Amino acid sequence: MAGAHWGFCPWLVLLCACAWSHPKPGDLGREDVRNCSANPPHLPVTAVNTTARLSALRQQIEAWNLSAYIIPDTDAHKSEYIGKHDERRAWITGFKGTAGTAVVTMRKAAVWTDSRYWTQAEREMDCNWDLHKEVGITLIVSWLLAEIPAGGRVGFDPFLISLDSWNSYDMNLQGSNIQLVSITTNLVDLVWGSERPLVPSEPIYALETAFTGSTWQEKVSNIRSQMQKHSKAPTAVLLTALDETAWLFNLRSSDIPYNPFFYSYTLLMDCSIRLFVNRSRFSPETLQYLNSGCTEPMCVQLEDYSQVRDSVQAYVSGDVRVWIGTQYTMYGLYEVIPEEKLVADTYSPVMITKAVKNSKEQALLKASHVRDAVAVIRYLVWLEKNVPKGTVDEFSGAEFMDQKEDFFSGPSFQTISASGLNAALAHYSPTKELNRKLSSDEMYLVDSGGQYWDGTTDITRTVHWGTPSAFQKEAYTRVLMGNIDLSKLIFPAATSGRVLEAFARKALWDVGLNYGHGTGHGIGNFLCVHEWPVGFQTINIAMAKGMFTSIEPGYYHDGEFGIRIEDVALVVGAKTKYPGSYLTFEVVSFVPYDRNLIDVSLLSPEQLQHLNQYYQVIREKVGPELHRRQLLEEFEWLQRHTEPLSARAPHTASWASVLVASTLAILSWSS
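Definitions and limits used
- Residues numbered from 1 in each chain as written.
- Predicted model: local features only at pLDDT ≥ 70, side-chain atom pairs only at ≥ 80, totals over all residues.
- Heavy atoms only, no water.
- UniProt positions renumbered as here; feature names shortened; annotations may be inferred.
- Helix = DSSP H or I, 4+ residues; strand = E, 2+ residues; numbered from the N terminus.
- Rg over C-alpha atoms; globule rule 2.2 N^0.38 Å.
- Buried < 20%, exposed > 50% of the residue type's maximum accessible area, 1.4 Å probe, protein only.
- Contact = heavy atoms within 4.5 Å.
- Areas by Shrake-Rupley, 256 points an atom, 1.4 Å probe, with all protein chains shown as cover.
- Lys, Arg positive; Asp, Glu negative; His and termini not counted.
- Charge placed at Lys NZ, Arg CZ, Asp CG, Glu CD.
- Salt bridge = Lys/Arg side-chain N within 4 Å of Asp/Glu carboxyl O.
- Pairing = 2+ DSSP bridges.
- Axes fitted to C-alpha atoms, helices over the stretch in contact; angles between N-to-C directions.
- Core = buried A, V, L, I, M, F, W, Y, C linked by side-chain atoms within 4.5 Å.
- Expected span 1.5 Å × (residues − 1).
- Polar contact = N/O pair within 3.5 Å; in protein donor to acceptor, adjacent residues only side chain to side chain.
- Arc of directions from axis to C-beta.

Under an unreviewed UniProt entry, the name given to the protein chain is Xaa-Pro aminopeptidase 2, and the source organism is Heterocephalus glaber. The Catalytic activity (unreviewed entry) comment attached to the protein chain in UniProt states, word for word, "Release of any N-terminal amino acid, including proline, that is linked to proline, even from a dipeptide or tripeptide." Quoted verbatim from the Function (unreviewed entry) field of UniProt, the annotation for the protein chain is "Membrane-bound metalloprotease which catalyzes the removal of a penultimate prolyl residue from the N-termini of peptides, such as Arg-Pro-Pro. May play a role in the metabolism of the vasodilator bradykinin."

Asks: So what exactly am I meant to see when it comes to the overall build of the protein chain here?
Replies: Looking only at helices and strands, the protein chain features 20 helices and 28 strands. Taken against the 2.2 N^0.38 rule, which gives 26 Å for 671 residues, the C-alpha radius of gyration of the protein chain at 26 Å falls within 12% of a compact globule. Overall, the protein chain is about 85 × 70 × 45 Å in size when its C-alpha atoms are taken along their principal axes. Counting every position in the protein chain, which comprises 671 residues, the buried fraction comes to 56%. For the protein chain, restricting intrachain contacts to residue pairs at least 6 apart in sequence, the fraction spanning at least 24 positions comes to 72%. Within the structure as shown, the protein chain displays about 27800 Å² of accessible surface, and the carbon and sulfur contribution to it stands at 53%. The average position of the 58 basic charges and that of the 73 acidic charges among the side chains of the protein chain differ by 3 Å.

Asks: I'm lost on the pattern of salt bridges in this one. Help?
Replies: Opposite charge on two side chains lets them pair, provided their charged atoms get close. Applying the stated criterion across every chain, the model contains 29 salt bridges. A salt bridge links E586 to K366, with the shortest nitrogen-to-oxygen separation between them at 3.2 Å. Of this pair, E586 sits in strand β28 (residues 582–587) while K366 is found in helix α13 (residues 359–386), placing the two residues 220 residues apart along the sequence. Classification of K366 as partly exposed rests on a relative accessible area of 27%. Overlapping salt bridges, with partners in common, bring together D86, R88, D189 and R196 in one network.

Asks: Explain the sheet that holds strand β4 (residues 130–132) here, please?
Replies: Two pairing modes exist for strands in a sheet, parallel and antiparallel, and in both the strands are linked by backbone hydrogen bonds. Spatially, β4-β3-β2-β1-β5-β6 is the arrangement adopted by the six strands of the open sheet, whose pairing is mixed. Each edge of the open sheet is held by one strand with a lone partner, namely β4 and β6 (179–182). Each strand of the sheet is rotated relative to its neighbour by a mean of 25°, with strand direction disregarded. Relative to strand β5 (residues 153–156), strand β1 (residues 68–71) runs parallel, the two being bridged by two bridges. What sits directly across from Y69, in β5, is G155. Those strands touched by helix α1 (residues 51–63) are β1, β2 (101–105) and β3 (109–112), and its axis lies near 70° from that of β2. The strands that helix α5 (residues 163–172) touches are β1, β2, β5 and β6; relative to β6, the one it contacts most, it runs at about 150°.

Asks: I'm lost on the nonpolar core in this one. Help?
Replies: As a rule of thumb, nonpolar side chains are buried together in soluble globular proteins. Residues F585, I598 and L611 are the most contacted members of the largest nonpolar core, which totals 117 residues. With eleven residues, the top contributor of residues to this core is α13. Residue contacts for L611: discarding those within four places in its chain leaves L480, I484, Y593, I598, L603 and L645. Judged by nonpolar contacts, the second largest core, of 40 residues, contains I70, I140, V141 and Y315.

Asks: Which parts of the structure should I look at to understand helix α15 (residues 470–487)?
Replies: If you check α15, its first and last C-alpha atoms are 25 Å apart, about what 18 residues at 1.5 Å a residue would give, namely 26 Å. Most of α15 is tucked away, with 15 of its 18 residues classed as buried.

Asks: Help me out: how do you make sense of the side chain of T353 in this one?
Replies: Position of T353 relative to the elements: it lies in helix α12 (residues 349–355). Side chain to side chain, T353 and Q226 meet in a polar contact 2.9 Å long.

Asks: Just to check I follow, could you spell out helix α19 (residues 632–641) for this structure?
Replies: It helps to recall that an α-helix has 3.6 residues per turn; residues three or four apart then point in one direction. Along α19, the residues that are buried comprise E634, F635, W637, L638 and H641. Each buried residue of α19 lies within a common arc of 160° when the element is viewed along its axis, so the set occupies one face. Those residues of α19 that are buried are in contact with α13 and α18 (605–628).

Here it is, written out as structure tokens:
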């Protein structure tokens, strides 16, 4: 899944640059689709009337003696996807885009979002809101300084502000005589009232042993061992990201879209365990599984989710030290822990530990990718038969793709099904109302993934059923070359991903092409499709055996087509001529690339050999599964599409093109 979809700055090569957020030269001057100067204002029919909501919020702002109130776009756990009841910014503004910050004063209301969402924001917001087409806390603070007087108070919900964000607001307000005010009562929630969607209440369940790499007791013992070995001797670890608690206890539910998580915190102490959650969601069997009826070191004491701040505050009154990961700890918990009792690392020990899969977890993830490959191959076969009939659009294609295999729990993100020029938008997803017909004359990109009980998957393939242009073939082949070059790379152990990711870009850079999103991200075992802290960015941790990462170079030609080739790969030990500690990647995605788009003449002998070896692995892994399921048509398709490629004969859909290529090759040999 392209980096533009991740819940963080999507790309770092040498400098941090959110490339998809950069406006095009003409965009900043483009007129707002709203005509707010007309009387009455002229608005799109999709705009939401927020007058009453803003009036009620301003009453709360005044009651709390504030000058302004900040409304972020996240939840209390910094989740990539958030639940309906956490969509506060969307509700107060009408703007449903996933990225953007709102600020309300007694006189004005404004939203800051990046270029991906400008048109959407203009169509969904009424004239109560000013749209700022730049992003960054520095810009928000500059606006606040111009709008509120000295001595003003800017309120915020500390559970929705990360440590980095709070530090940035605080630093930019230094010397301004404007005060940041932490208010644990969310003012938007007060206004939203009974209309606010309910917090999910589906059961929280324990994974079957067959789908876990270790028992929760083994995981707890591991983390406690790390606490004992730590130089600062922490007495507790505070877990705030939802996947941390889900992983630690092998528990799952469905509170978050596309992620099998539940709202929770964990305070793992050296001699006890506190799990903050809605107790009513556990069955008697799950309560017994957690040993919740006792107080021994391996018994999980359940406390109400809403009590986490008070409980942590009470705990730190003693002679203790709390270990946190600053990337996922929100200010609401950080501010109650005295600095001298804080042990702060970028990531918690749970986040680091779950990034490295043990042998059973590796086997589970690989098995899920075999079944996912069957689903993708069935889809590609279905497309080949139906696209020429003109009966498939992007949305119906995405719906077909979401029908998955055994142990399937749901998609791991919204399927990206993009034809022609829509594929040039790396964050594009169709809707039932807005979509494009698939055509044999256009390139088509599908980026899909599943949540299976044994693993999370993510794969992208780009295809063309007709006659691609020479430039399309070259661009596709160079993206493939980058994928291959990074996949087969041998590198020293403990190398950072940011050092490696340029290998995925070199073939594109050689001819002046590039892509503006991340090259890869970690992936979990029935957890996050974008699992931190693995990847190729500056703030990712170094590569180690047992990690899984996506490898997904691309190229996007604005207004015409988009290409992305994404595989998931396991970091494994490399065999080298001389002794040493070296690593490489083992690709575990098993779907062949589009032969119609590969210009074999561009591939080096080593790249061609690697590609043919990969195709042989696909046959060995997926072929038996197709046979077992009696999917004979799909098996025949697989055999055709994994035939070894030859440097002498580029494979296209046309015999004429093969003949021309052969003639050119003969002429080149004779010269």
